[in-house]
Amino acid sequence: EAGVAQSPRYKIIEKRQSVAFWCNPISGHATLYWYQQILGQGPKLLIQFQNNGVVDDSQLPKDRFSAERLKGVDSTLKIQPAKLEDSAVYLCASSPYGGPQETQYFGPGTRLLVL
Amino acid sequence: SQQGEEDPQALSIQEGENATMNCSYKTSINNLQWYRQNSGRGLVHLILIRSNEREKHSGRLRVTLDTSKKSSSLLITASRAADTASYFCATDEGSTLTFGKGTMLLVSP
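The paragraphs below set out a description of the structure included in this document. The model shown is predicted, which means the values in this text are computed figures rather than measured ones. (Residues numbered from 1 in each chain as written. Chains lettered and ligands numbered in written order. Predicted model: local features only at pLDDT ≥ 70, side-chain atom pairs only at ≥ 80, totals over all residues. Heavy atoms only, no water.)

### What about the sheet that holds strand 7 (residues 65-68) of chain A?
Residue and element names in this part refer to chain A. As summarised here, the arrangement of the 4 strands in space is 1-3-8-7, forming an open sheet in which the pairing is antiparallel. Both outer strands of the open sheet, strand 1 (5-7) and strand 7, are each paired with one neighbouring strand and no more. On average, adjacent strands in this sheet sit at an angle of 15° to one another, irrespective of strand direction. Bridging between strand 7 and strand 8 (residues 75-79) involves 4 bridges; their strand directions are antiparallel. Across the sheet, Phe65 pairs through a bridge with Ile79, a residue of strand 8. (Pairing = 2+ DSSP bridges. Helix = DSSP H or I, 4+ residues; strand = E, 2+ residues; numbered from the N terminus. Axes fitted to C-alpha atoms, helices over the stretch in contact; angles between N-to-C directions.)

What follows is the structure, given as structure tokens:
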């Protein structure tokens, strides 16, 4: 079974530029999550999708971050414009149905450096 | 918001020794999960313990949960160099998981 795929793996941009990350979850998984992990901290949930609907985006900085999962499969996360404090690893995860009792399967992450 | 807090922040042991790391949380939970993160395999689920369970085993892992103290511990027995990683507890907060800051474990050969 293929795991969660993410691209790119690394990205370096200058502040005020835009960047987009892509995630393809495990086939058949209804729930998709985007996390931000700053160095030395645990992952912080940015947004959770159930199929193509948003379940929770309470911690997404909506003035600069956006995410979509149009066909209920893969997803993109965009930052526009980027700030220095956005430097982090962006993790995508999926689970079969959703809910905190489920195991979440994580992708390798995209490491973003904002200069 | 951060629910779980792992302790210690870092732990260094020799191969063959046991490693114990703790997690404390603030509000009531239904489940608590432990995850491991290393550079090779990313973030991987290890074990889930429900609020009505006190102890759970999986291979060399033993997890305990004390809901009265709002704490959990993860014990890795007979550690190996491959166990070198960061370990995170994650608690359910509403419909989502909240991760702690993690414990960095270094196992030296």
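### Remarks on the side chain of Ser95(A)
All names here are of chain A. Assignment of secondary structure puts Ser95 in strand 9 (residues 88-95). The exposure class of Ser95 is buried, given its relative accessible area of 0%. In contact with Ser95, other than residues within four places in its own chain, are His29, Ala30, Thr31, Tyr33, Glu102, Thr103 and Gln104. (Buried < 20%, exposed > 50% of the residue type's maximum accessible area, 1.4 Å probe, protein only. Contact = heavy atoms within 4.5 Å.)

### Details of the interface of chain A and chain B
Taken together, the contact between chain A and chain B spans 19 residues of the former and 18 residues of the latter. Each partner contributes to the roughly 1400 Å² buried at the junction of chain A and chain B, and carbon and sulfur atoms together form 54% of this total. Scanning the region where chain A abuts chain B turns up 5 residue pairs in polar contact (both at pLDDT 80 or more). Going through the elements one at a time, strand 4 (31-37), strand 5 (44-50) and strand 6 (53-56) of chain A are the ones with two or more residues in the side of chain A that touches chain B. (Buried area = accessible area lost by both parts, 1.4 Å probe. Polar contact = N/O pair within 3.5 Å; in protein donor to acceptor, adjacent residues only side chain to side chain.)

### Topic: the pairing of strand 3 (residues 19-24) of chain B
Residue and element names in this part refer to chain B. Here strand 3 shows a clear split, with Ala19, Met21 and Cys23 buried on one side and none of Thr20, Asn22 and Ser24 buried on the other. With 6 bridges connecting them, strand 3 and strand 8 (residues 71-76) associate as antiparallel partners. Among the inter-strand pairings, Met21 is bridged to a residue of strand 8, identified as Leu74.

### Focus: the state of the cysteines
Within this structure, the stated rule accounts for 2 disulfides over all chains. The side chain of Cys23(A) participates in a disulfide bridge whose partner is Cys92(A); the two sulfur atoms lie 1.9 Å from each other. The sign of the -70° torsion about the S-S bond sets the Cys23(A)-Cys92(A) disulfide as left-handed. Separated by 69 residues along the polypeptide, Cys23(A) in strand 3 (residues 19-24) and Cys92(A) in strand 9 bring together distant segments of the chain. Assessed through its relative accessible area of 0%, Cys23(A) is described here as buried. Note on cysteine connectivity: Cys23(B) is disulfide-linked to Cys89(B), with sulfurs 2.0 Å apart. Note on the Cys23(B) and Cys89(B) pair: the S-S dihedral is about 65°, so by sign convention the disulfide is right-handed. Of the two residues, Cys23(B) sits in strand 3 while Cys89(B) sits in strand 9 (residues 85-93), which places them 66 residues apart along the sequence. Residue Cys23(B) is classed as buried on the basis of its relative accessible area of 2%. (Disulfide = S-S within 2.5 Å.)

### Structural notes on the packing of aromatic side chains
The final tally for this structure, using the stated rule, is 8 aromatic pairs over all chains. On the basis of an interplanar angle of 25° and a centroid distance of 5.0 Å, the ring pair of Phe21(A) and Tyr90(A) is categorised as stacked. On the criterion of sequence distance, the pair formed by Phe21(A) in strand 3 and Tyr90(A) in strand 9 is long-range, its members being 69 residues apart. The burial state of Phe21(A) is the same as that of Tyr90(A); both residues are buried. With centroids separated by 6.4 Å and ring planes inclined at 40°, the aromatic side chains of Phe65(A) and Tyr90(A) adopt a geometry described as tilted. Pair noted here: Phe65(A) is in strand 7 and Tyr90(A) is in strand 9, with a separation of 25 residues, a long-range link. Taken as a pair, Phe65(A) and Tyr90(A) share a single burial class, namely buried. Taken together through their ring pairs, the aromatic side chains of Tyr33(A), Tyr35(A), Phe106(A), Tyr35(B) and Phe99(B) make up a single cluster. (Phe/Tyr/Trp six-rings, centres within 6.5 Å; stacked < 30°, edge-to-face > 60°.)

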